[in-house]
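A look at the structure
Listed below, chain by chain, are the residues.
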Amino acid sequence: MNERYVRQVPLLGEAGQKKLHDTTVFIAGAGGLGSPASLYLAAAGIGSIRICDLDVIELSNMNRQILHTEERIGASKAESAKMTLESLNPECRVTALSEMIDEASVRRLIGNADIIVDCMDNFSARFALNKAALDLGLPLMHGAVSGFTGQATLVVPGKTPCLSCIFQNAKTTAKTPVIGAAAGVIGSIEAAEVIKHLTGIGSTLAGRLLLYDGAQNSMEVFTVKKSPRCPVCTTL
């Protein structure tokens, strides 16, 4: 047994650990959510990560984007993420993608990934990820955060509602205030859900929506249903 994973193999089993090693994860966003999600997935032994972010590091990122350091201000977030993740776990192969995620680029950027992790800060990119996930038959782990609050759900094509079912009229508010710890909670939940989905251990958020309110110390989980009027998944 690889000593690096000795504390989790009793939970996942050797077969589960090998599944993580054999998996490629596409992480959309290397910011507040992408930081904890990618750190914990790399630490857990995911074999390959493709991490995508067009932006460069700014000082205002430092309260939540723990992949990066002040010394890297002005550098590519994707390249910075690659440096941090490979330093954390040299066994994880990381591909840095400094590109915009949109309908034209999303499939190419996902590449050979087995699962998609939505760590974006806007719904136009999220809906592009959602459509690609449905078309490719790939699970999509969604997370979002605002202030002290956050949400998460797991989309499994053909089995659960898609993001367009749940958030059909969602719009993005520019420069949403965020407490770093709230992003840490939701990003960590995303990582745990990916691990559970891949290994088949535990109950996931497939078909359920988790709502977290850090200000009130509450967390609720609701069942969500497919919309018969969904413009995306009802046409598949």
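For the structure itself, look to the data block above.
The present account deals with the structure reproduced in this document. (Residues numbered from 1 in each chain as written. Predicted model: local features only at pLDDT ≥ 70, side-chain atom pairs only at ≥ 80, totals over all residues. Heavy atoms only, no water.)

1. A short note on the overall build of the protein
Helix and strand content of the protein: seven helices and eight strands. Taken over the C-alpha trace, the protein has a radius of gyration of 17 Å; the compact-globule value for 236 residues is 18 Å, and the two agree within 12%. On the principal axes, the C-alpha backbone points of the protein span a range of 50 × 40 × 40 Å. In the protein, buried positions account for 53% of the 236 residues. Counting 22 positive and 22 negative side-chain charges, the protein places the centres of these two groups 7 Å from one another. (Helix = DSSP H or I, 4+ residues; strand = E, 2+ residues; numbered from the N terminus. Rg over C-alpha atoms; globule rule 2.2 N^0.38 Å. Buried < 20%, exposed > 50% of the residue type's maximum accessible area, 1.4 Å probe, protein only. Lys, Arg positive; Asp, Glu negative; His and termini not counted. Charge placed at Lys NZ, Arg CZ, Asp CG, Glu CD.)

2. Structural notes on the nonpolar core
Core analysis: the biggest nonpolar cluster contains 39 residues, and Val-25, Ile-27, Leu-41, Ile-49, Ile-51, Val-117 and Val-194 have the highest contact counts within it. Sorting elements by how many residues they give to this core places helix α7 (residues 180-199) first, with eight residues. Excluding residues that lie within four positions of it along the chain, Val-117 makes contacts with Val-25, Phe-26, Ile-27, Ala-28, Leu-41, Met-141, Glu-190 and Val-194. (Core = buried A, V, L, I, M, F, W, Y, C linked by side-chain atoms within 4.5 Å. Contact = heavy atoms within 4.5 Å.)

3. As for the packing of helix α1 (residues 9-21) against α7
Interaxial distance between α1 and α7 falls to 9 Å at its minimum, and their mutual angle equals 110°. Considering their axes alone, α1 and α7 lie roughly perpendicular with respect to each other. In terms of crossing hand, the pair formed by α1 and α7 is right-handed. Contacts from Leu-12, Gly-16, Lys-19 and Leu-20 in α1 reach Ile-195, Leu-198 and Thr-199 in α7. Split into classes, the residues belonging to the contact of α1 with α7 amount to four nonpolar, two polar and one charged. (Axes fitted to C-alpha atoms, helices over the stretch in contact; angles between N-to-C directions. Parallel < 35°, antiparallel > 145°, perpendicular 65-115°, else oblique. Left-handed = near helix turned anticlockwise from the far one by under 90°. Nonpolar A, V, L, I, M, F, W, Y, C, P; charged D, E, K, R; others polar.)

4. Let's talk about the pattern of salt bridges
All told, the structure shown has seven salt bridges when counted by the stated rule. Measuring nitrogen to oxygen at the nearest pair gives 3.3 Å for the salt bridge that ties Asp-118 to Arg-126. Three or more residues joined by partner-sharing salt bridges are found here, namely Arg-107, Lys-131 and Asp-135. (Salt bridge = Lys/Arg side-chain N within 4 Å of Asp/Glu carboxyl O.)

5. With respect to unusual backbone geometry
Here the phi dihedral of Asn-217 falls at roughly 55°; this positive angle occurs in a residue that is not glycine. Position of Asn-217 among the secondary structure elements: in the loop between β7 (208-213) and β8 (218-223).

6. Thoughts on the packing of aromatic side chains
Here the distance between the centres and the angle between the planes together describe a pair of aromatic rings. Here the structure, examined in full by the defined rule, presents two aromatic pairs. Feature note: the residues Phe-123, Phe-127 and Phe-167 constitute an aromatic cluster, connected by ring pairs. The aromatic ring of Phe-123 is capped on one face by Arg-126, whose charged end is 4.6 Å from the ring centroid. (Phe/Tyr/Trp six-rings, centres within 6.5 Å; stacked < 30°, edge-to-face > 60°. Lys NZ or Arg CZ within 6 Å of the ring centre and 35° of its normal.)

7. Examining the layout of surface pockets
Taken as a whole, the second largest pocket holds about 150 Å³ of empty space. Along the walls of the second largest pocket sit Glu-103, Val-106, Arg-107, Phe-127, Ala-128, Asn-130, Lys-131, Ala-132, Asp-135, Ser-164 and Val-232, which together make up its complete lining. Sorting elements by how many residues they give to the lining of the second largest pocket places helix α5 (residues 123-136) first, with six residues. Of the residues in the lining of the second largest pocket, the class split is five nonpolar, two polar and four charged. (1 Å grid on protein atoms, 1.4 Å probe; cavity = no way out; pocket = protein on both sides within 12 Å on 5 of 7 lines; lining within 4 Å. Points joined across faces, edges and corners; volume = space filled by probe spheres on them.)

8. Some details on the side chain of Asn-130
Structurally, Asn-130 is set in helix α5. Those residues in contact with Asn-130 that sit more than four places away from it in its chain are Leu-140, Val-155, Cys-162, Leu-163, Ser-164 and Val-232.

9. Considering the sheet that holds strand β1 (residues 24-28)
Pairing is mixed in the open sheet, where eight strands are placed in the order β3-β2-β1-β4-β5-β6-β7-β8. In the strand order of this sheet, the two ends are held by β3 (93-97) and β8, each with one partner. For this sheet, the mean inter-axis angle between neighbouring strands, taken without regard to orientation, is 15°. Here strand β5 (residues 140-146) runs beside strand β6 (residues 149-155); their pairing, made up of seven bridges, is antiparallel. When the sheet's bridge partners are listed, Val-145 is paired in β6 with Gly-150. Against the sheet, α5 touches β1, β4 (115-118), β5 and β6, its axis set at about 165° to β5. (Pairing = 2+ DSSP bridges.)

10. Comments concerning the state of the cysteines
Tallied over the entire structure, the rule returns zero disulfides. Of the cysteine sulfurs around Cys-52, a residue in no disulfide, the closest is that of Cys-119, at 12 Å. You can call Cys-52 buried: its relative accessible area is 1%. With no disulfide partner, Cys-165 has as its closest neighbouring cysteine sulfur the one in Cys-233, 3.3 Å distant. (Disulfide = S-S within 2.5 Å.)

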